[in-house]
Amino acid sequence: MASPPPGYSRLGIVSGWTLPFLYVAHSAVTIMLARTDRLLPLREELRGVHYLVGGLILVAVVLRLWAWTRERPAPPPGLPASAFAWGRALALATLLLLLAAPLLGLVYAWADGLPVRFGPLALPQLLERDRALWQAAGYFHSGLGFMLVVLNLATVLSAGLLLLRFGHGLVSAFPPGHGLFAFLGLSSTVYAFATFRSPEPGPVAVGVFWALAAGVAALAWWLGRRRAPRAVSRRVSPAARVAAGLGAAALLLFGAAGPWLLFRVSPFSGPADVAVVDGVDWHVTPAVAELSIRPPDAFERQVEAETFKWCRFCHNLQPGGDQHKVGPNLYNIVGQRAGTVPGFAYSEAMRRAREAGLVWTEEALAAYIADPQRNMPGTTMIVSSGPIPDPKVQAAIINILKRETAPRGGHGRQADPSAAPAGEERPAGEAR
Ligand code: HEC
């Protein structure tokens, strides 16, 4: 792990080594943001910090890219030119992603009608609320996050191999700061994946990752002591450059599919098919005469914090017609026919379920959230924290859902029996 190869400018080195630290701060805020309930005031503050750090990253990236255009670095001794070109391609792809992400993030917030503040400074709202734009910008904003994960993984794996083979790893095989950026970025990804449900497994998962990395570094050091210096090609051929660029582009394409692969989110929704389904009124009229709702207990609060927050992540629960997120507005959902919220583009599977007469009784809800993909093959819903097979958790989720989506003011007592459609005689809420 020698010092970085010569040929870098001072500005390139400073901005390059600044980025990993900004990125770690940004990851920490983003991980907290995704896990903070939308209803908490803390979330608004986190959103402000998220924009602030995102803006600082944008500044550092612009400086780094500007320096990049003026640098002519050479591979360090012992590192083949092709490996050097590969490291540069990964770093450049990362910088371009970091340039695009904050800009897409702005469009995403504006199209959602959210105000944008950089700390205390409020930005003017430059775009109208627009659901299609929101969906596309949101997809690619989080898609860029996935692409970064893929690039970070490629960088760290390449560093391991290059370290074992040539004695150049995270620090010296890549442009200044890029190896640390990838390593810290991947650490925060490991943490994020380990903590979808609850924070406990996070530190252990990161510890295991660091121990593995330390093992590779120790092995490389041991091998390096016994290796004779060898001559390697020092000229970066155009072919090596092109191959490295194509490889990085392929990684980007793969990363771009991430939100779809993981959450079945798509950047473009088809036409919303529910104009009006016989008498559906944005679910304003309760479908069930009387919802019985249990008061929350400790277990339910835990389920709310660990699992239900993900429902809120994708669904609006308040009245407000077309206020859909990735999933449809769930206001007053219990007892309604499936797939009938106007203005939402449902999957083919959900449309078929509607045609077949599926009604969201408690049993139907429990079966759906138990494993959406298995229960309704082709549905676009994925519960981010994983399937919910445990009947106790299902019951808690449904109780929360009832409380949160019941008509305003109605804490479980909607005394308008005329609103119950025929065939739905059973009060939907007998406690289990
Ligand atoms: C990652 C996003 C996401 C998460 C998390 C999520 N949903 Fe969904 N949900 C969707 C999408 C998308 C649909 C539309 C599915 C379709 O058209 O096939 C949907 C549909 C539904 C429906 C049917 C609505 C209707 O109009 O018929 C219900 C009920 C539902 N979700 C409840 C839940 C509950 C409860 C949770 C939490 C356990 C949850 N969802 C978590 C995205 C999500």
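Parameters and conventions
- Starting afresh in each chain, residues are numbered from 1 along the sequence in its written order.
- Note on the predicted model: pLDDT of at least 70 is required for a residue's local features to be given, and 80 or more for side-chain atom pairs to be given and counted; whole-chain, interface and lining totals, by contrast, use all residues.
- Computation of side-chain values: all heavy atoms of the structure, hydrogens and water removed.
- Helix and strand assignments come from DSSP, with helices taken as H or I runs of at least 4 residues and strands as E runs of at least 2, each series counted from the N terminus.
- Think of it in three bands: residues with accessible area under 20% of the maximum for their type are buried, residues over 50% are exposed, and the middle band is partly exposed, with areas taken using a 1.4 Å probe on protein chains only.
- Here, two residues are considered to be in contact whenever any of their heavy atoms come within 4.5 Å of each other.
- Areas reported here follow the Shrake-Rupley algorithm with a probe of radius 1.4 Å; residue values treat only the protein chains shown as occluding.
- A pair of Phe, Tyr and Trp rings is counted when the ring centres sit within 6.5 Å of each other, with Trp represented by its six-membered ring. The angle between the planes then sorts it: under 30 degrees is stacked, over 60 is edge-to-face, the rest tilted.
- Residues adjacent in sequence count toward polar contacts only when both atoms are side-chain atoms; beyond that, a polar contact is any pair of N or O atoms within 3.5 Å, and within protein one must be able to donate a hydrogen and the other to accept it.
- All axes are obtained by fitting lines to C-alpha atoms, using only the stretch in contact for helices, and the reported angles, taken between N-to-C directions, cover 0 to 180 degrees.
- Oblique is the label for any angle not covered by the other classes, which are roughly parallel (under 35 degrees), roughly antiparallel (over 145) and roughly perpendicular (65 to 115).
- Helix crossings get a hand from a simple test, with the near helix turned counterclockwise from the far one by less than a right angle marking a left-handed crossing and a clockwise turn marking a right-handed one.
- In this classification, Asp, Glu, Lys and Arg are treated as charged, Ala, Val, Leu, Ile, Met, Phe, Trp, Tyr, Cys and Pro as nonpolar, and every other residue, Gly included, as polar.
- Summary of the distance rule: residues count as near a molecule or strand when at least one heavy atom falls within 4 Å of that molecule or strand.
- Among the buried residues, those of types Ala, Val, Leu, Ile, Met, Phe, Trp, Tyr and Cys that are joined through side-chain atoms within 4.5 Å form a nonpolar core.

Participant: Let's hear about the overall build of the chain: which residues, and what values?
Facilitator: Counting secondary structure elements, the chain contains 13 helices and two strands. Counting over 432 residues, the chain shows a buried share of 48%. When contacts within the chain are restricted to residue pairs at least 6 apart in sequence, those whose partners lie at least 24 apart make up 74%. For the chain, the accessible area works out to roughly 21,100 Å², and carbon and sulfur atoms hold 68% of it.

Participant: Can you tell me about the packing of aromatic side chains, naming the residues and giving the values?
Facilitator: Applying the stated criterion across every chain, the model contains seven aromatic pairs. An angle of 25° between the planes, with centres 6.0 Å apart, marks the rings of Y108 and W134 as stacked. Placement of the pair is Y108 in helix α3 (residues 81–111) and W134 in helix α4 (residues 131–166), with a sequence separation of 26 residues. The class for W134 is buried, based on a relative accessible area of 9%. Here the aromatic rings of W310 and F313 are separated by 5.4 Å at their centres, their planes lie at 70°, and the arrangement is edge-to-face. A residue pair is termed a helical-turn pair when its members lie 3 or 4 positions apart in one helix, as W310 and F313 do in helix α9 (residues 298–314) at three residues.

Participant: Residue-level account of the side chain of R64, with values.
Facilitator: Its location among the elements puts R64 in helix α2 (residues 41–68). The class for R64 is buried, based on a relative accessible area of 2%. At 3.5 Å, the side chain of R64 forms a polar contact with the backbone oxygen of G12. A polar side-chain atom of R64 sits 3.3 Å from a polar atom in the side chain of E71. Setting aside its immediate chain neighbours within four residues, R64 contacts Y8, G12, S15, G16, L19, E71, L95, P175 and P176.

Participant: So, the environment of I57: which residues are in play, and what are the values?
Facilitator: Relative to the helices and strands, I57 resides in helix α2. Residue classification places I57 among the buried positions, given a relative accessible area of 5%. I57 sits 36 residues away from F21 along the chain, and the two C-alpha atoms are 9.6 Å apart. Excluding residues within four positions of it along the chain, I57 makes contact with L19, L22, Y23, H26 and L98.

Participant: Could you give an account of the packing of helix α1 (residues 10–35) against α2, naming the residues involved and the relevant values?
Facilitator: Helices that pack against each other are described as a pair by the angle of their axes relative to one another and the distance between those axes. Remark: α1 packs on α2, axes separated minimally by 9 Å, with the N-to-C direction vectors making an angle of 160°. One finds that α1 runs roughly antiparallel with respect to α2. Between α1 and α2 lies a crossing whose hand is left-handed. Within the contact of α1 with α2, the residues separate by chemical class into 18 nonpolar, seven polar and three charged.

Participant: Give me the lowdown on the site of the ligand, citing residues and values where you can.
Facilitator: Around the ligand there are 27 residues in total, and C311, C314, H315, S347 and M381 lie nearest to it. Here W360 contributes a side-chain N or O atom positioned 2.7 Å from an oxygen atom of the ligand. Within the contact set of the ligand, an oxygen atom lies 2.6 Å away from a side-chain nitrogen or oxygen of T379. Elements with a minimum of two residues in the shell around the ligand: α9 and α11 (362–370).

Participant: Before we move on, could you go through the nonpolar core and cite the residues and values that matter?
Facilitator: Counting 39 residues, the largest nonpolar core has L19, I57, V61, L79 and L98 as the members making the most contacts within it. Of all the elements in the fold, those that place two or more residues in this core are α1, α2, α3, α4 and α7 (238–256). Among the elements that make up this core, the one with the highest residue count is α3 (12 residues). Counting residues in each nonpolar core, the second largest holds 33 residues, with V288, C311, M350 and I398 among its members.

Participant: Tell me about the environment of D112, and please be specific about residues and values.
Facilitator: Position of D112 relative to the elements: it lies in the loop between α3 and β1 (117–118). The exposure class of D112 is partly exposed, given its relative accessible area of 26%. Sequence separation between D112 and G138 is 26 residues; the distance between their C-alpha atoms is 9.4 Å. The residues contacting D112, other than those within four sequence positions of it, are R129 and W134.

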